Number of protein chains: 2
Amino acid sequence: MCFKIEMAQDQLEITSSNDDLAVFTRILVKENDKENIRNYALGTVLVNAHILTEIVRKLGGSELSFEVIDERMAKIDDGNGTYKLVCMPADEYPDIDMERIGTPLTITSTDLAKLVDMTAFAALDKETRRVLMSINLKAEAGSLVATATDSARLSRKSVAIDPSARFSVNIPAKTLVDVVKMFENNYEVELSAGAKRAVMSFGDTMVSCRVIDENYPVSSSIIPQIFNASLEVNSTELLTSIDRVSTLSSDRAAVVKLSMSSEDVELSSSSDQNGTGTERLGAVNYEGERLEIAFNAMFVTQAVRALGSEDVVLKFIGEMKPFVI
Amino acid sequence: MCFKIEMAQDQLEITSSNDDLAVFTRILVKENDKENIRNYALGTVLVNAHILTEIVRKLGGSELSFEVIDERMAKIDDGNGTYKLVCMPADEYPDIDMERIGTPLTITSTDLAKLVDMTAFAALDKETRRVLMSINLKAEAGSLVATATDSARLSRKSVAIDPSARFSVNIPAKTLVDVVKMFENNYEVELSAGAKRAVMSFGDTMVSCRVIDENYPVSSSIIPQIFNASLEVNSTELLTSIDRVSTLSSDRAAVVKLSMSSEDVELSSSSDQNGTGTERLGAVNYEGERLEIAFNAMFVTQAVRALGSEDVVLKFIGEMKPFVI
């Protein structure tokens, strides 16, 4: 993979792309009173992205020179080390469409990161159905709702937005996870989406990514609204107890049983090969009839971790799947 | 893998073994004035080692009860969690020979760990020649010398011992690395070696391990004594410079060239695909004629790291392999 590096009039432009997304970023020659780039001449070159990143990272100094000797060779020097890197002429780089699509929605990077962090774990991680590998972002009635599901579990989170925005787009979960990792400050993120691409721009960076142009197979009514029982429990105690009882299971997706009554809440797990384990949950608040449900330890663990709050409330309809707040 | 757990009169005995080594350790019922074990009855049982270790580690409390219900089931309880583990009768455990062999040599765990840490990296890590996967420990003339080689490089370290000890034994490097990881204090380690087994005992623990009964194929004269050139260099600068120039190489075993003269010491590396890199070493002291050698970046990196000292001295005969102190 190559970076396209272009020294333009007022800024150094770096472009990188793969099949799923293209990233464009820039370093201004002068930023306020700070001089970022000195002694430059205009030009463009393609450099191996991995090698360039590693060398610049390992040099670790405060300043270095980057000189294109000809379109086949660039030189990096920091005073002690001198690196001559094989390059390619810029005209071999594909054309990349970075244009915004329609009127963008503006949200904070904190809100976008929250939507992604709280839903991405529930997206499908196998190539069996591309639309389920996405997070659906739906802007409607003043909310931006992120939904991810692998069809065995579903995660949803919403944030308030400008009520005029209205769209629905499926962006691969992996792309969104990569994009929120790029956030270094609390930016205003401009998000615009079309049938083929979505564009997010923040700070000096712009990301254009492939979207999955299909109807997202989950309607907003899939999450039940009426529950017959609820359990409030300390997140850490729930996680460590699930971890302990699932030790007995030989495979990763341990099935854990949760038995709840007004007197007692117990987690248990058993395996013919290894034995049985039972954990009594201490500080809990259960409201409802005596109820016993079984769940996938990994699903519940990932959901409780994604929420990141001190306590969680699990709501139940019956011997059905729990809904975690 | 099972632990054999035996409650004896004054101590709880735990034995574990695989093809390469057997480990025996004990917890005294009373240690000085401390009561480690209360309310016990004598008996022996076999328990799955992984499950037992994980559950006890995850319970993390200060006290737990371990109760053998019958020879097929044991119960662990810490007040909140109750685990019933599948067990096996003790008579299914193999007989393990933990007897000492002859008069043991006594060395400190610090010295033994030093011998192992400074040589193990040079042992062969492929199953092609078993004796080279070992560290040779040779007691002779008041020294215990550890040697490891994969036949492309050799590492040797010695410590002073009781002059009466005299033996040579090849112990698998992996076994010794595992044994020195068990050291928690500065123990006196008693080491005795025979043709089939070596026994090391320290603290409340005893390890009996398989040895490779072959002549170690390296004589003590293999390391040259006369050098024509030497280079003294800061370890960190050498390591980071090797790391930077070898970035250009696509495979892990990068070849790095070291060019030395009284004016200048340079490391360089090149790859047709990626380009060339050169690093000038700053604070060095080179004595000798102009000399150029090539080395395997990983070999030198591992050796310099194993030494763990601030500066290293590399000595050279000519276009030969360096000898690192």
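Everything numeric in this text was worked out from a predicted model, so none of it was measured. (Residues numbered from 1 in each chain as written. Chains lettered and ligands numbered in written order. Predicted model: local features only at pLDDT ≥ 70, side-chain atom pairs only at ≥ 80, totals over all residues. Heavy atoms only, no water.)

1. Structural notes on the packing of aromatic side chains
Residues and elements named next belong to chain A. Just so we agree on the cut-off: Each Phe, Tyr or Trp ring, with Trp reduced to its six-membered ring, pairs with another whose centre is within 6.5 Å; inter-plane angles below 30 degrees give stacked pairs, above 60 give edge-to-face pairs, and intermediate values give tilted ones. Starting at the N terminus, helices and strands are each numbered in turn, a helix being any DSSP run of H or I of at least four residues and a strand any DSSP run of E of at least two. Exposure classes here rest on a 1.4 Å probe applied to the protein chains alone. A residue is buried below 20% of its type maximum, exposed above 50%, and partly exposed in between.
For the structure shown, the criterion picks out 6 aromatic pairs over all chains. A centroid spacing of 4.9 Å and a plane angle of 90° characterise the contact between F183 and F202, whose relative ring orientation is edge-to-face. A residue pair is termed long-range when its members are at least 10 positions apart, and F183 in the loop between α3 (173-182) and β15 (188-193) and F202 in strand β16 (residues 197-202) qualify at 19 residues. Across this residue pair, the class does not change: F183 and F202 are buried. By the ring-pair criterion, three or more aromatic residues cluster together here, those being F183, Y187 and F202.

2. Observations concerning the side chain of A:T175
Residue and element names in this part refer to chain A. As a reminder of what qualifies: By the convention used here, residues are in contact when the closest approach between their heavy atoms is within 4.5 Å.
Mapping T175 onto the fold places it in helix α3. For T175, a relative accessible area of 2% puts it in the buried group. Ignoring any residue separated from it by four or fewer positions in sequence, one finds T175 in contact with D20, L21 and C209.

3. Side note on the packing of helix α2 (residues 109-119) of chain B against helix α3 (residues 173-182) of chain B
Residue and element names in this part refer to chain B. We apply this condition: To obtain each axis, a line is fitted to C-alpha atoms, and for helices this fit is confined to the stretch in contact; angles are then taken between N-to-C directions over 0 to 180 degrees. Any angle that falls under 35 degrees is termed roughly parallel, while one over 145 is termed roughly antiparallel, one within 65 to 115 roughly perpendicular, and all others oblique. Here a crossing is taken to be left-handed if its near helix is turned anticlockwise relative to the far helix by less than a right angle, and right-handed if that turn runs clockwise. Just so you know the grouping, Ala, Val, Leu, Ile, Met, Phe, Trp, Tyr, Cys and Pro go in nonpolar, Asp, Glu, Lys and Arg go in charged, and all remaining residues, Gly too, go in polar.
Two elements in contact, α2 and α3, have axes separated by 10 Å at closest approach and are oriented at 140°. With respect to each other, α2 and α3 are oriented oblique. With respect to the hand of their crossing, α2 and α3 are arranged in left-handed fashion. The residues of α3 that touch α2, namely those facing L112, A113, V116 and D117, are L176, V177 and V180. Per-class residue counts for the contact of α2 with α3 are 6 nonpolar, no polar and 1 charged.

4. Focus on the interface of chain A and chain B
As a reminder, the rule being used: Buried area is calculated as the accessible area (1.4 Å probe) missing from two parts once they are joined, with the contributions of both summed. Should a side-chain nitrogen of Lys or Arg be within 4 Å of a carboxyl oxygen of Asp or Glu, the pair is scored as a salt bridge. Side-chain atoms alone can form a polar contact between residues adjacent in sequence; in general such a contact is a pair of N or O atoms within 3.5 Å, and within protein one must be able to donate a hydrogen while the other accepts it.
Opposite the 29 residues of chain A that make contact, chain B presents 29 residues. Across the interface of chain A and chain B, roughly 2,400 Å² is buried in total on both sides, 45% from carbon and sulfur atoms. Counting every contact that joins chain A to chain B gives 2 salt bridges. Across the pair B:K58 and A:D243 runs a salt bridge whose closest N-O atoms are separated by 3.1 Å. Counting every contact that joins chain A to chain B gives 22 residue pairs in polar contact (both at pLDDT 80 or more). Every element with two or more residues in the side of chain A that touches chain B is listed here: α1 (49-59), β9 (81-88), α4 (235-245) and β21 (275-280) of chain A. Across the side of chain A that touches chain B, the residue classes break down as 8 nonpolar, 12 polar and 9 charged.

5. Some words on unusual backbone geometry
Backbone geometry at A:N39 places phi at a positive 50°, although glycine is not the residue there. You can call A:N39 exposed: its relative accessible area is 76%.

6. Considerations on the sheet that holds strand β13 (residues 154-160) of chain A
Residues and elements named next belong to chain A. What counts is decided by this rule: Only strands that DSSP links by at least two bridges are regarded as paired with each other.
One open sheet holds the 4 strands; their spatial order is β13-β12-β11-β14, and the pairing between them is antiparallel. Looking at strand neighbours, the two that pair on one side only are β13 and β14 (167-172), the edges of this open sheet. If you compare each strand with its neighbour and ignore which way they point, the axes differ by 20° on average. In the sheet, strand β12 (residues 143-149) pairs with β13 via 7 bridges, with the strands oriented antiparallel. Opposite L144, over in β13, you have V159 as the bridge partner. With respect to the sheet, helix α2 (residues 109-119) is in contact with β11 (134-140), β12 and β13, its orientation differing from that of β13 by roughly 170°. In the packing of α3 onto the sheet, the strands contacted are β11 and β14, and the crossing angle to β14 comes to about 85°.

7. Here we look at the relation of the copies chain A and chain B
Formally: We place the copies in one frame by least squares, fitting the C-alpha atoms of every residue whose pLDDT is at least 70 in both.
Overlay of chain A on chain B (RMSD 0.0 Å): rotation 180°, translation along the axis 0.0 Å. On the angle and the small slide along the axis, the relation comes out as a two-fold axis.

8. Looking at the pairing of strand β1 (residues 2-7) of chain B
All names here are of chain B. When β1 meets strand β6 (residues 43-48), the two strands line up antiparallel, connected through 6 bridges. Considered in β6, the bridge of F3 is made with V47. Note: β1 against strand β2 (residues 11-17), 4 bridges, orientation antiparallel. In the sheet register, K4 faces β2, and the bridge partner there is T15. Connecting β1 to the antiparallel partner β2 that follows it, the hairpin turn spans 3 residues.

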